[in-house]
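A look at the structure
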Amino acid sequence: MKNNRPLWEPKRRIEAAFRRRLLAIARIIVREIKSTADPDEVQQILLGLTRTKEYQKLCQSAAMKMVTGLFSDQGHTWRQAAAANGKGRIIYEALRKELQGPAGQRMRELIDDATYRIVTLPSDIGHDVADYVARESLKGRRASDIAEEIQKMFPEKTTARAELIARTQTSMTSTSLTWERSERLGAHWYIWRAVGDARTRHSHEKMEGVLVNWNDPPAPEDLFPILNADGKPRRNTLGHYHAGCCPNCRCYPEPVIDLDQVTFPARIYMGNRIQTIRKKDFERMM
Ligand SMILES: [Zn+2]
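Let us look at the structure shown here. (Residues numbered from 1 in each chain as written. Predicted model: local features only at pLDDT ≥ 70, side-chain atom pairs only at ≥ 80, totals over all residues. Heavy atoms only, no water.)

For the rest of this paragraph, the subject is the pairing of strand S5 (residues 273-277). Of the pairings in the sheet, the one linking strand S4 (residues 266-270) to S5 comprises five bridges and is antiparallel in character. Bridge pairing in S5 places Met270 opposite Arg273. Counting the residues that bridge the hairpin from S4 to S5 gives two residues, and of these Gly271 lies at a positive phi of roughly 55°. (Pairing = 2+ DSSP bridges. Helix = DSSP H or I, 4+ residues; strand = E, 2+ residues; numbered from the N terminus.)

Inspection of the secondary structure puts His127 in helix H7 (residues 121-138). Placed 84 residues apart in sequence, His127 and Gln43 show a C-alpha to C-alpha distance of 8.3 Å.

Right, let's get into unusual backbone geometry. The omega torsion of the bond from Phe264 to Pro265 falls at -10°, within 30 degrees of zero and hence cis. For Pro265, the position within the fold is in the loop between strand S3 (252-255) and S4. A positive phi angle is found at Asn248, which is not glycine, with a value near 65°. Residue placement: Asn248 occurs in the loop between helix H10 (220-223) and S3. What makes Asn248 partly exposed here is its relative accessible area of 35%. (Buried < 20%, exposed > 50% of the residue type's maximum accessible area, 1.4 Å probe, protein only.)

Following the criterion strictly, the structure yields six aromatic pairs and no others. Seen in terms of ring centroids, Trp189 and Phe282 are 5.5 Å apart; in terms of plane orientation they differ by 70°. Their pairing is edge-to-face. Of this pair, Trp189 sits in strand S1 (residues 189-193) while Phe282 sits in helix H11 (residues 279-285), and the two are 93 residues apart along the sequence. What makes Trp189 buried here is its relative accessible area of 7%. For Phe282, a relative accessible area of 0% gives the class buried. Geometrically, the ring pair formed by Phe264 and Phe282 is tilted, given 6.0 Å between the ring centres and 45° between the ring planes. A residue pair is termed long-range when its members are at least 10 positions apart, and Phe264 in the loop between S3 and S4 and Phe282 in helix H11 qualify at 18 residues. (Phe/Tyr/Trp six-rings, centres within 6.5 Å; stacked < 30°, edge-to-face > 60°.)

Moving on: the coordination of the zinc ion. Within the protein, His204 (ND1), Cys249 (SG) and Cys251 (SG) serve as the donor atoms for the zinc ion, at 2.1 to 2.3 Å. Positions of the donor residues of the zinc ion along the chain correspond to the pattern H-x44-C-x1-C. In this pair, His204 is assigned in helix H9 (residues 202-207) and Cys251 in the loop between H10 and S3, connecting sequence segments 47 residues apart. When its relative accessible area of 4% is taken as the criterion, Cys251 is described as buried. (Donors = N, O, S within 2.8 Å, 3.2 Å for Na, K, Ca; no water.)

Have a look at this one:
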């Protein structure tokens, strides 16, 4: 079996650079609201910031660098993978043409998506603040005490949200780009790859090595449920999704370009469950 794993694993340096830009944006947000402790005023300032041209530009530039960085890095990965299995010429030609076609359009959509996530960061925090104020007021707490607390928790909350966006958006964008190219190059299956450390979700760990069709995303939480104390499965709020496409997920898809990448008999997601498949049956489906 060829070891393609390090090839397809998203490059952490792109995520790290995106994270740095988001944290810089988070610092701007925190600085903006330092002048006041009044919750209503905080909301106004946050909304105002979202509407400024400079802020929007900053968000767009961060999103663009992340998406185009992943795009060109993956182009390199595809070429390497192709060169290794003799389909180099076909894939190379397809990659050369792709920017003129739907890939350029798709990339603009991905940039818009990521920009939107960042631009709305202040209003997300605004909602957090409003919720907090409402909850604490119900408990009968004094407005001045609440305001003081908000000032204290604000930097931490903002940073946490920025970190979540950095991780989740990089991973989702990376999967979207792989998906796009896979379909264009006729690779309809991928191998779900999990990082497999202490922070990996139980269900995702179980998905490691499973063959998945791009048109049929699994629901890992239904396939490998976590049981509550009463023995009933925990409610699945994530639904069906591809590797890397849920909050904080670090899994990634490894497109099947060559059967040598797969160890048979292999586990495959089909008909809403995980089955076992032999090489010749999979070959027929490919
Ligand atoms: Zn995962």
